[in-house]
Amino acid sequence: MLNKYARAFFTRVLTPFAAFLIRRGVSPDAVTLIGTAGVVAGALVFFPRGEFFWGTIVITLFVFSDLVDGNMARQLGRSSRWGAFLDSTLDRVADGAIFGGFALWYAGNGNDNVLCAVSIFCLASGQVVSYTKARGESIGLPVAVNGLVERAERLVISLVAAGLAGLHKFGVPGIQWLLPIALWIVAVGSLVTLIQRVVTVRRESAEAEAAQQNASQGSEAAK
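Computed from a predicted structure; not experimentally measured. (Residues numbered from 1 in each chain as written. Predicted model: local features only at pLDDT ≥ 70, side-chain atom pairs only at ≥ 80, totals over all residues. Heavy atoms only, no water.)

To continue, consider the nonpolar core. By size, the foremost hydrophobic cluster in this structure holds 25 residues, and its most contacted members are Phe47, Ile98, Phe102, Leu179 and Leu183. When residues of this core are traced back to their parent elements, those giving at least two are helix H2 (28-46), helix H3 (52-63), helix H5 (81-107), helix H6 (113-138), helix H7 (151-165) and helix H8 (178-222). For this core, the element with the highest residue contribution is H5, accounting for eight residues. The contact partners of Ile98, leaving out residues within four places of it in the chain, are Val39, Ala43, Phe47, Ile59, Leu155 and Leu159. (Core = buried A, V, L, I, M, F, W, Y, C linked by side-chain atoms within 4.5 Å. Buried < 20%, exposed > 50% of the residue type's maximum accessible area, 1.4 Å probe, protein only. Helix = DSSP H or I, 4+ residues; strand = E, 2+ residues; numbered from the N terminus. Contact = heavy atoms within 4.5 Å.)

Let's shift gears to unusual backbone geometry. A positive phi is found at Asn111, a non-glycine position, where the angle reads about 50°. Assignment of secondary structure puts Asn111 in the loop between H5 and H6. Positioned with a positive phi, Val143 is a non-glycine residue whose angle comes to about 50°. A relative accessible area of 1% places Val143 in the buried class.

Moving on to the pattern of salt bridges. Summed over all chains, the structure comprises eight salt bridges. In this structure, Asp95 engages Arg92 in a salt bridge whose closest nitrogen and oxygen atoms are separated by 4.0 Å. With Asp95 and Arg92 both in helix H5 and three residues apart, this pair spans about one turn of that helix. Residue Asp95 is classed as buried on the basis of its relative accessible area, which comes to 5%. One salt bridge in this structure joins Glu150 and Arg197, with 2.6 Å as the shortest N-O distance. Here the residue Glu150 occupies a position in the loop between H6 and H7, and Arg197 occupies one in helix H8, the gap between them amounting to 47 residues. With respect to class, Glu150 is no different from Arg197; both count as buried. Residues participating in the shared-partner salt-bridge network are Asp91, Arg92, Asp95, Arg151 and Arg154. (Salt bridge = Lys/Arg side-chain N within 4 Å of Asp/Glu carboxyl O.)

Moving on, we get to the packing of H2 against H5. Closest axis-to-axis distance for the H2/H5 pair is 8 Å, and the angle between their directions is 5°. Classified by the angle between their axes, H2 and H5 sit roughly parallel to one another. Along its contact with H2, which presents Asp29, Thr32, Leu33, Thr36, Val39, Val40, Ala43 and Leu44, the element H5 presents Trp82, Gly83, Leu86, Asp87, Leu90, Val93, Ala94, Ala97, Ile98, Gly101 and Leu104. (Axes fitted to C-alpha atoms, helices over the stretch in contact; angles between N-to-C directions. Parallel < 35°, antiparallel > 145°, perpendicular 65-115°, else oblique.)

Checked against the element boundaries, Thr193 lands in helix H8. Residues contacting Thr193, with those up to four places away along its chain left out, are Val129, Asn146, Gly147, Leu148 and Val149.

A few words on the state of the cysteines. Scanning the model with the defined rule gives zero disulfides in all. No disulfide involves Cys122; its sulfur sits 11 Å from that of Cys116, the nearest cysteine. (Disulfide = S-S within 2.5 Å.)

Once that is clear, we can look at the environment of Ala124. Position of Ala124 relative to the elements: it lies in helix H6. In sequence terms Ala124 and Ser190 are 66 residues apart; their C-alpha atoms lie 9.6 Å from each other.

Turning to the UniProt feature "binding site: Mg(2+) 2" (unreviewed entry) in the chain, a few remarks are in order. As recorded in UniProt, the sites labelled "binding site: Mg(2+) 2" (unreviewed entry) are Asp66, Asp87 and Asp91. A stretch of 26 residues holds the annotated residues, and the largest C-alpha distance among them is 8.0 Å, short enough that they meet in one place. For Asp66, the location among the structural elements is in helix H4 (residues 65-76). Positionally, Asp91 belongs in helix H5. Residue classification places Asp91 among the buried residues on the basis of a relative accessible area of 13%. Ignoring anything within four residues of it in the chain, the contact list for Asp91 reads Asp66 and Arg151. (UniProt positions renumbered as here; feature names shortened; annotations may be inferred.)

Rendered as structure tokens:
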């Protein structure tokens, strides 16, 4: 849902900014690298100290680079395999930093081993969810399923909750519980999405093998 509608909306909004960067001679790859560095810094500098509000602000400023770099590449007519590879790889780095930052907080001053484990599960399951689709496509399967919680949903749910939870330090009572709730939602949603993709790949694989076998038998019969 977010990939379909929110991405299209923000792509239109950010198109003038992407054009401005192009005029300044900035490359899409540079935007990708700077954006990832900003997200990693925001997550690993602020989150382990419990500064969720300011960490979310910094991350949000840089996370839109994921839309800007692609927009720039399309305007330049330079969409390439290398750009897609770099973007996808650094997305995994950024996601790992965000949930790693949560895990570091709960392992330290947050003092909650269960939520630390949930954060680590969110980190690992997010990576595996992405891998299942990439691996399925690499063996020639369409992997025709989006799943309940994809990357956009994971980021929006966790970062909105983290930003609001950070308001606790400004005197808003009880709001700090939004982050633990969000992490559990992301963990469960990621598990469901992983199961959906594994089941889809298994079904598509069986269908592809059956079609190949039928084609082989038809070829033999024709002889």
